[in-house]
Amino acid sequence: MAPNSAIFLLLLLVFSWQTSKADVEPFACHPKDKTTRNLPFCQVKLPIHERVKDLVGRLRLPEKIGLLVNNAGAVPRLGIKGYEWWSEALHGVSNVGPGTKFGGAFPGATSFPQVITTAASFNSTLWEAIGQVVSDEARAMYNGGMAGLTYWSPNVNILRDPRWGRGQETPGEDPLVVGKYAASYVKGLQGNDGDRLKVAASCKHFTAYDLDNWNGVDRFHFNAKVSKQDIEDTFDVPFRMCVKEGKVASVMCSYNQVNGIPTCADPNLLKKTVRTQWGLNGYIVSDCDSVGVYYDKQHYTSTPEQAAADAIKAGLDLDCGPFLAVHTQAAVKKGLVNEAEINGALMNTLAVQMRLGLFDGEPSAQPYGKLGPKDVCTPAHQELALEAARQGIVLLKNKGASLPLSPRRHRSVAIIGPNSNASVTMIGNYAGVACRYTTPLQGIGSYTKTIYKKGCTDVSCVNDKLFNGAIDAARQADATILVMGLDQSIEAEFRDRTGLLLPGHQQELVSKVAAASKGPTILVLMSGGPIDVSFAKKDPKIAAILWAGYPGQAGGAAIADVLFGTTNPGGKLPMTWYPQEYITNLAMTEMGMRSSESKNYPGRTYRFYKGKVVYPFGHGLSYSHFTHTIATAPTLLTVPLDGHRGNATVSGKAIRVTHTKCNRLSLQIEVDVKNVGSKNGAHTLLVYSTPPGGQWAPRKQLVAFEKLHVPARTQRRVGIKIHVCKLLSVVDRSGTRRIPIGPHSLQIGDAKHSVSLQASVLGVIKS
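Residues numbered from 1 in each chain as written. Predicted model: local features only at pLDDT ≥ 70, side-chain atom pairs only at ≥ 80, totals over all residues. Heavy atoms only, no water.

J.: Any chance you could break down the packing of helix H5 (residues 124–143) against helix H6 (residues 175–190) for me, citing the residues and the numbers?
T.: H6 packs onto H5 with a crossing angle of 35 degrees between their chain directions and a minimal axis gap of 7 Å. The crossing of H5 and H6 is right-handed. Across the interface between the two elements, Ser-124, Trp-127, Glu-128, Ile-130, Gly-131, Gln-132, Val-134 and Ser-135 of H5 pack against Val-177, Lys-180, Tyr-181, Ser-184, Tyr-185, Lys-187, Gly-188 and Leu-189 of H6. The residue makeup of the contact of H5 with H6, split by class, is seven nonpolar, six polar and three charged. (Axes fitted to C-alpha atoms, helices over the stretch in contact; angles between N-to-C directions. Helix = DSSP H or I, 4+ residues; strand = E, 2+ residues; numbered from the N terminus. Left-handed = near helix turned anticlockwise from the far one by under 90°. Contact = heavy atoms within 4.5 Å. Nonpolar A, V, L, I, M, F, W, Y, C, P; charged D, E, K, R; others polar.)

This is the structure:
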């Protein structure tokens, strides 16, 4: 760019920023508003609960009802503007939802890899760092009048079934990983300024929500029949961690029913569990039009007024959609809900707005008030997006160390496949406008000469018309890279997959190109959900397989860096890759997690499924080799019982967690990790536990994970702390969490260790 052009662009950005900034007046409590500036709710020094109580006391019933929906109405007589609650930030500031828009000084925002890819890094520090960047850009866009401060992200549902179209939005199938992701990302988004919020996150969709549209059953009509055991053991774990450890400001209830009751109308889920047991400090919001859905589609209530009343009485504070604004006043007149209950909802939403600083006067004078266009799409932010993609790529196969490629030996590379020059495909769903894109073709082209042939028009690959050109290219080149997989036409919100194989003729293209290729053939897969690529795993002509997920705006550069060895891959699969036959006669509507031989039911996720896999949860290769040695670990650990309970707490060789004094009791081990290879590498340490026998216990479960960098031919010692009550416990059929007494087998890579848990009223810990 010419110097004059650069100066002109800078001036244009500054002008745009000043123009947009001038348009952003205080949401409320304007310093120039003599009517409100001295009222208690505008006094920053007062406790927030006092300010909220004062404000609610000044509102009239119609004004209150206007604040119960996402496009909350203005209250002009109190100097309060309208507010749009609905913004999204799943993996970057998104333009899904009316609260955020791009343009002017904000043409785009950093688009990180889709969540399922970032989860494959198993790096909680990275997850929090991404949240910090996203909230920086969100605040900057808010200051420019282009975004809100309330973001309905992240999605922390469990990836229960490999066909789910929204599995890409989740951190995978393991409750601990999903919960740790939730807490880490939320901390990054919300900041660490005490009770103040940088932005307000929302963990969704609560609960047992993991079906969109399968075999004639859609999410609006689905009744998830879930056992107390699976609710406690699997589905609620990430939400509990999000609330209790992440301190999230919001939880979103889902469209589906759980055991016959819509989640947004269930006081046991909302008031009892989220609000009381977990201690949510924030608001509960419906998925968009959920209240209308359970009235209009599920016919849960006979009148709309009853539907509105049920939602508010259950603990719903905010309706995404118009339903509560339309029907709540009539519900009050009929005596179905009272004004005090409406006040309770407003206390929760208004408190979050005050914690965000919306009632603190001039935005520019507040923390984060100086953030602007210069803080969006910065080089550092874009570098983090690239690094996240590198860390999330998983090397599934590498026959005879075929990878990494060498630009010296592989002077020309054939790039083939419908995703080989993908851009928008790389960012998945719930994305915004990316700062820029580096496609796989561009990324690989920065290393060596490329011969590009698409092979298929798109991922549906309905015919073989373009095959010949692809095969010819493979015959000419020193190596062949096929970039195949899925996109949003195959898996998306409201679109569950019909099978696990590559779509259309993709498999045929891969096999024919591999057979003709002069050099090594590498298969690169883009997808959210798992793909049955058993054929490629077995094919000796396919030297290597990479899974890139949906790797974000810099995905092509990250793929190339791994292929050519600039990056040593360290990602691990956050979900099981099943063979196609796994889903034969397996209804997505069947919610049970545990397998049953008598019912010919295979079970779900690595914790309970016992059958064949294409690639297991946690699988991922490296260009190095790592060994594990347990340096220190106890062989015996005593779990102290509550002395008032006595021996009655021990039943069936398992102790109720509520009958113990082990809130701070941890199993502490040290592991030596050695890189015996010739390349520096990032390594994911996965710690599994297999509890003592019991039909309702998992086969094994992840109890800890750590990401560490280990230089070539060096060793690092890692300390692992495992909370006994939370992580070595299991859940019985009644939904009660218990600690099994006896030997627990730990597995860390190639190392194994057994520790015996014993119960004692004395609480003496032995090692």
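The rest of the description comes next.
J.: Tell me about the pairing of strand E23 (residues 701–710), and name the residues and values.
T.: Burial runs high along E23: eight of the 10 residues are buried. With nine bridges joining them, strand E22 (residues 681–690) and E23 adopt antiparallel strand pairing. Across the sheet, residue Thr-684 finds its bridge partner in E23, namely Lys-707. (Buried < 20%, exposed > 50% of the residue type's maximum accessible area, 1.4 Å probe, protein only. Pairing = 2+ DSSP bridges.)

J.: Explain the pattern of salt bridges to me, and be specific about the residues and the numbers.
T.: Side-chain pairing between opposite charges can occur once the charged atoms of the two side chains come close. For the structure on display, the rule yields 35 salt bridges. The residue Arg-58 makes a salt bridge to Asp-54 at a minimum N-O spacing of 3.0 Å. A residue pair is termed a helical-turn pair when its members lie 3 or 4 positions apart in one helix, as Arg-58 and Asp-54 do in helix H2 (residues 48–58) at four residues. When its relative accessible area of 17% is taken as the criterion, Asp-54 is described as buried. The partner of Asp-233 in a salt bridge is Arg-594, with the nearest N and O atoms 2.9 Å apart. Within this pair, whereas Asp-233 is found in helix H7 (residues 228–235), its partner Arg-594 is found in the loop between helix H19 (555–563) and helix H20 (605–608), the two being separated by 361 residues in sequence. (Salt bridge = Lys/Arg side-chain N within 4 Å of Asp/Glu carboxyl O.)

J.: Quick one: what's the story with the sheet that holds strand E9 (residues 261–262), residue by residue and with numbers?
T.: Overall, mixed pairing links the three strands, which are arranged E6-E8-E9 in an open sheet. Here the strands that pair on one side only, and so sit at the sheet edges, are strand E6 (223–224) and E9. As paired strands, strand E8 (residues 257–258) and E9 are joined by two bridges and run antiparallel to one another. Its bridge partner being in E9, Gln-257 is matched across the sheet by Pro-262.

J.: How would you summarise helix H16 (residues 467–476) if you had to cite specific residues and measurements?
T.: Regarding H16, the residues found buried are Phe-467, Ala-470, Ile-471, Ala-473 and Ala-474. The buried residues of H16 occupy an angular sector of 160 degrees when projected down its axis, which confines them to one face. Pointing more than 90 degrees away from the buried face of H16 are the exposed residues Asn-468 and Arg-475. The elements touched by buried residues of H16 are strand E12 (412–416), strand E13 (449–453), strand E14 (479–485) and helix H17 (506–516). (Arc of directions from axis to C-beta.)

Take it as geometry only, folks, not as evidence of what the structure does.
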